[in-house]
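Analysis of the macromolecular model
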Amino acid sequence: QSALAQPASVSGSPGQSITISCTGGGSDIGGPYNYVYWYQQYPGKAPTLIIYEVDKRPSGVSNRFSGSKSGRTASLTISGLQAEDEATYHCKAYATDMTWVFGGGTKLTVL
Amino acid sequence: QVQLVQSGSDLQKPGASVKVSCKASGYSFTTIAMNWVRQAPGQGLEWMGWINTNYGTPTYAQGFSGRFVFSLDASVSTAYLEISSLKTEDTAVYYCARSWGGFDYWGQGALVTVSS
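The rules we used
Residues numbered from 1 in each chain as written. Chains lettered and ligands numbered in written order. Predicted model: local features only at pLDDT ≥ 70, side-chain atom pairs only at ≥ 80, totals over all residues. Heavy atoms only, no water. Helix = DSSP H or I, 4+ residues; strand = E, 2+ residues; numbered from the N terminus. Polar contact = N/O pair within 3.5 Å; in protein donor to acceptor, adjacent residues only side chain to side chain. Contact = heavy atoms within 4.5 Å. Disulfide = S-S within 2.5 Å. Buried < 20%, exposed > 50% of the residue type's maximum accessible area, 1.4 Å probe, protein only.

Notes on the side chain of D85 of chain A
Residue and element names in this part refer to chain A. Structurally, D85 is set in the loop between β6 (73-78) and β7 (87-94). A polar side-chain atom of D85 sits 2.7 Å from a polar atom in the side chain of R64. Apart from residues lying up to four places away in sequence, D85 is in contact with Q40, R64, F65, I78, G80, L108 and V110.

Comments concerning the state of the cysteines
A full pass over the atoms with the stated rule returns 2 disulfides over all chains. The disulfide that involves C22 of chain A links it to C91 of chain A, with 2.0 Å between the sulfurs. Linking C22 of chain A and C91 of chain A, the disulfide has an S-S dihedral of approximately 75 degrees and is accordingly described as right-handed. Of the two residues, C22 of chain A is situated in strand β2 (residues 18-23) and C91 of chain A in strand β7; the sequence distance between them amounts to 69 residues. Classification of C22 of chain A by relative accessible area gives buried; the value is 0%. Between the sulfur atoms of C22 of chain B and its disulfide mate C96 of chain B the distance is 2.0 Å. Residues C22 of chain B and C96 of chain B are joined through a disulfide that is right-handed, its torsion about the S-S bond being 80 degrees. Of this pair, C22 of chain B sits in strand β3 (residues 18-25) while C96 of chain B sits in strand β9 (residues 92-99), and the two are 74 residues apart along the sequence. We classify C96 of chain B as buried; its relative accessible area is 0%.

A short note on the environment of G60 of chain A
Residue and element names in this part refer to chain A. Assignment of secondary structure puts G60 in the loop between β4 (48-51) and β5 (65-70). Residue classification places G60 among the exposed positions, given a relative accessible area of 80%. With 10 residues separating them in the primary sequence, G60 and I50 have C-alpha atoms 9.0 Å apart.

See the structure below:
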C-alpha cells in the first residue's frame, strides 16, 4: 500500500478555517469502508485521535474539528483556528487488504 | 484510566537486537488488538502491523516481516516489539497503540537509535 497523499504544510490565521486533504486510492479511502481517521501530533509527543470513521469526534475533542470524505479524498477541517491547533495532522485509512495506511502528515502553522 | 507505558530510549550498534515493551493498564488487555507504528526522524507515521492480544497471533505490514517480531505476555498485560539485525535506517520512535474505534490510546513512544 502506498502512503496516502497529504500536503506537507498548511497555514492560517487565528479565527480562520483551514482544510487538510488526504487522497488515497480505490482500495483504501475510495474503498467500501468508512474507516478514515485523523490524528493530531505535537512535537515530541504521541499522536492523539481527533476524528474516527470519517466524521465522528471522540469525547473531549473540540467541535471545531470536523471530517468528511468524497470519493478517494478525505478532509479535515478546523474552524475558528487557535494557536493551540498548531501541530502535525496525520490521516489514516483501512485498506481492502486488511492493512492500515497513513498519510505523510501535514504541518499546520497558525500565523 | 487507560495507559500504555513503553520502555525507554535505546542506543544500539548495527547488527544488534532491541526489544521494546508496551505495558497496558486500565482495561482488559486481551480484548483489544495492539498495533505498532514507526516514525523515523522528521517523517510521518508508518503502520508496522498488529497482534491479536487474545491469541497472540501477529500480522505484519509489508516490509516488516523477518527482522520484526511482535509478541506478548498477557499475564503482565505487556506487548513487545523485537527488532533483530538492526540497521541505521531502523532509527525511529516506535509507538504501540491499541485499536478501538481508531488507535484511541498510544504509548509515549520509544526512541531506538542505531549507530556505530
